[in-house]
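Coordinates in review
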Amino acid sequence: MADNQVTLLDFWVCMYGMRFKIALAEKEIKYERLEEDLIRKKSNLLIEMNPIYKKIPVLIHNGKPICESLIIIQYTDEVWNDRSPLLPSDLYQRAQARFRADLIDKKVYLPSRRIRTTKGEEQEAAKKEFFEIFKILEEELGDKPYFQGEAFGFVDISLITFSSWFQTFETFGNFSMEVKFPKIIAWTKRCMERESVAKSLPDPKKILEFFRGA
Ligand code: GS8
């Protein structure tokens, strides 16, 4: 399959777009990246390509749009299946990987957003929820190098993009990820040793500045 007509509609701070950048870097696929201005005005192209949600990321492959980051990564893995597999080949393990990525989507973002946007009791409740899901994830990871075992893959991609926001969560919520979740932080550092991850994640300080200014 030709790599040459791959476009990503993106917004630099968005952890969902970062997922796609990592997947494409793992697969060594060249692409064009179009930055959306989500704050002021979405482009006509975004509205045309994702008319239902009008959200980024959108992958446009040979003119056809694919929306929702987890679906985009699975599509990417299926289309470019000749290199760096991201999902396990065993069907049961594939289902487990999908379950975990879905869990991350359902449980991590909302409490993390409330840590940033609320105070007092509401913020404490959000922190409790956030700590609960990270406790589950820390236990799931255990002593494995990556969530799927020895190889970096789909579940790692789904979660690692949140790590560029950790400093923001810690600053707004006044806690330390390293103290609470040492295995997750060790895994974060391991993932950052991969070029695909290091070049796809923005500087955490820039994310913090973005939200402090917002
Ligand atoms: C979430 C995408 C999303 O929230 C996915 O792709 O996995 N489930 C989707 N995108 C945000 C930017 S990142 O916070 C977005 O496009 N927001 C614009 C809007 O809500 O209008």
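Not measured: the values here are computed from a predicted model.

Conventions we followed
- In this numbering scheme, every chain counts its residues from 1 along its sequence in written order.
- Only residues with pLDDT of at least 70 get local features here, since the model is predicted, and only at 80 or more are side-chain atom pairs given and counted; chain-wide, interface and lining totals rely on the full set of residues.
- To obtain the side-chain values, all non-hydrogen atoms of the structure were used and water was disregarded.
- Here a strand is any run of E in DSSP of at least two residues, a helix any run of H or I of at least four, and the numbering for each starts at the N terminus.
- The rule is simple: take the accessible area with a 1.4 Å probe, protein chains only, and divide by the maximum for that residue type; under 20% is buried, over 50% is exposed, in between is partly exposed.
- Two residues qualify as a contact provided that any one of their heavy atoms is within 4.5 Å of a heavy atom in the partner residue.
- Any Lys or Arg side-chain nitrogen located within 4 Å of an Asp or Glu carboxyl oxygen qualifies as a salt bridge.
- Among buried residues, the Ala, Val, Leu, Ile, Met, Phe, Trp, Tyr and Cys ones that are joined through side-chain atoms within 4.5 Å form a nonpolar core.
- As annotated, the domain borders come from an automatic or database domain assignment.
- When DSSP finds two or more bridges between a pair of strands, those strands are recorded as paired.
- Definition of nearness: a residue and a molecule or strand are near each other if at least one heavy atom of the residue lies within 4 Å of the molecule or strand.
- Here a polar contact is recorded for every N or O atom pair within 3.5 Å, except that within protein the pair must consist of a potential hydrogen donor and a potential acceptor, and residues adjacent in sequence are included only if both atoms are side-chain atoms.
- Shrake-Rupley sampling with a 1.4 Å probe provides the accessible areas, and residues are treated as covered by the protein chains on show and by no other component.
- The buried area of a pairing is the accessible area, by a 1.4 Å probe, that goes missing from both parts when the two are put together, added over both.
- Only the stretch in contact is used when a helix axis is fitted, and all axes are lines through C-alpha atoms; the angle between N-to-C directions ranges over 0 to 180 degrees.
- Pairs of cysteine sulfur atoms within 2.5 Å are what we label disulfides.

Examining the environment of Ala151
Relative to the elements of secondary structure, Ala151 occurs in the loop between α6 (120-141) and α7 (154-160). Owing to a relative accessible area of 48%, Ala151 belongs among the partly exposed residues under this scheme. Among all residues touching Ala151, those that are not within four sequence positions of it are Tyr146 and Asp156.

Some words on the pattern of salt bridges
Scanning the model with the defined rule gives 17 salt bridges in all. Measuring nitrogen to oxygen at the nearest pair gives 2.4 Å for the salt bridge that ties Arg33 to Glu35. In this structure Arg33 comes out as partly exposed when scored by relative accessible area, which is 33%. What emerges from the salt-bridge pattern is a single network uniting Asp10, Lys21, Arg33 and Glu35.

Examining the nonpolar core
Within the largest apolar cluster, 56 residues are counted, with the highest numbers of intra-cluster contacts made by Phe134, Leu159 and Ile184. For this core, the element with the most residues is α6, which contributes seven residues. Counting contributing residues, this core receives three or more from each of domain 1 (3-79) and domain 2 (91-212). In contact with Leu159, not counting residues within four places along its chain, are Ile104, Val108, Phe134, Leu137, Phe147, Ile184 and Trp187.

Re the pairing of strand β3 (residues 58-61)
Side-chain direction in a regular strand flips from residue to residue, so the side chains alternate between the two faces of the sheet. Here β3 shows two buried faces, one formed by Val58 and Ile60 and the other by Leu59 and His61. With four bridges joining them, strand β1 (residues 6-10) and β3 adopt antiparallel strand pairing. Its bridge partner lying in β3, Leu9 is registered against Val58. Where β3 meets strand β4 (residues 64-67), four bridges bridge the pair, whose relative direction is antiparallel. Bridge pairing in β4 links His61 to Lys64. Here β3 folds back onto β4, and the loop between the two strands holds two residues, one of which, Asn62, carries a positive phi near 50 degrees.

With respect to the site of the ligand
Taken together, Cys14, Tyr16, Leu38, Lys42, Lys55, Ile56, Pro57, Glu68 and Ser69 make up the full set of residues near the ligand. Within the side chain of Lys42, one N or O atom sits 2.4 Å away from an oxygen atom of the ligand. Glu68 places a side-chain nitrogen or oxygen 2.8 Å from a nitrogen atom of the ligand. Isolated, the ligand exposes 530 Å² of accessible area, and the fraction of that covered by the protein chains is 75%.

What to know about the domain arrangement of the protein chain
One frequently used descriptor of interface size is the decrease in accessible area upon assembly of the parts. The assigned domain composition of the protein chain is domain 1 (3-79) and domain 2 (91-212). Computed from C-alpha coordinates alone, the two centres of domain 1 and domain 2 are separated by 21 Å. Contacts between the two partners involve 17 residues from domain 1 and, on the opposite side, 27 residues from domain 2. A buried area of about 1900 Å², summed over both sides, lies between domain 1 and domain 2, and 70% of it is on carbon and sulfur atoms.

Digging into the sheet that holds strand β2 (residues 32-35)
Read across the sheet, four strands follow the order β2-β1-β3-β4 without closing on themselves; strand pairing throughout is mixed. Lying at the two open borders of the sheet, with one neighbouring strand each, are β2 and β4. Strand-to-strand, the axes of this sheet are offset by a mean angle of 25 degrees, without reference to chain direction. Along the sheet, helix α1 (residues 15-27) makes contact with β1, β2 and β3, crossing β1 at roughly 155 degrees.

Digging into the state of the cysteines
Per the counting criterion, the structure on display carries zero disulfides. Unpaired in terms of disulfides, Cys67 finds its nearest cysteine sulfur in Cys14, a separation of 13 Å. Owing to a relative accessible area of 19%, Cys67 belongs among the buried residues under this scheme.

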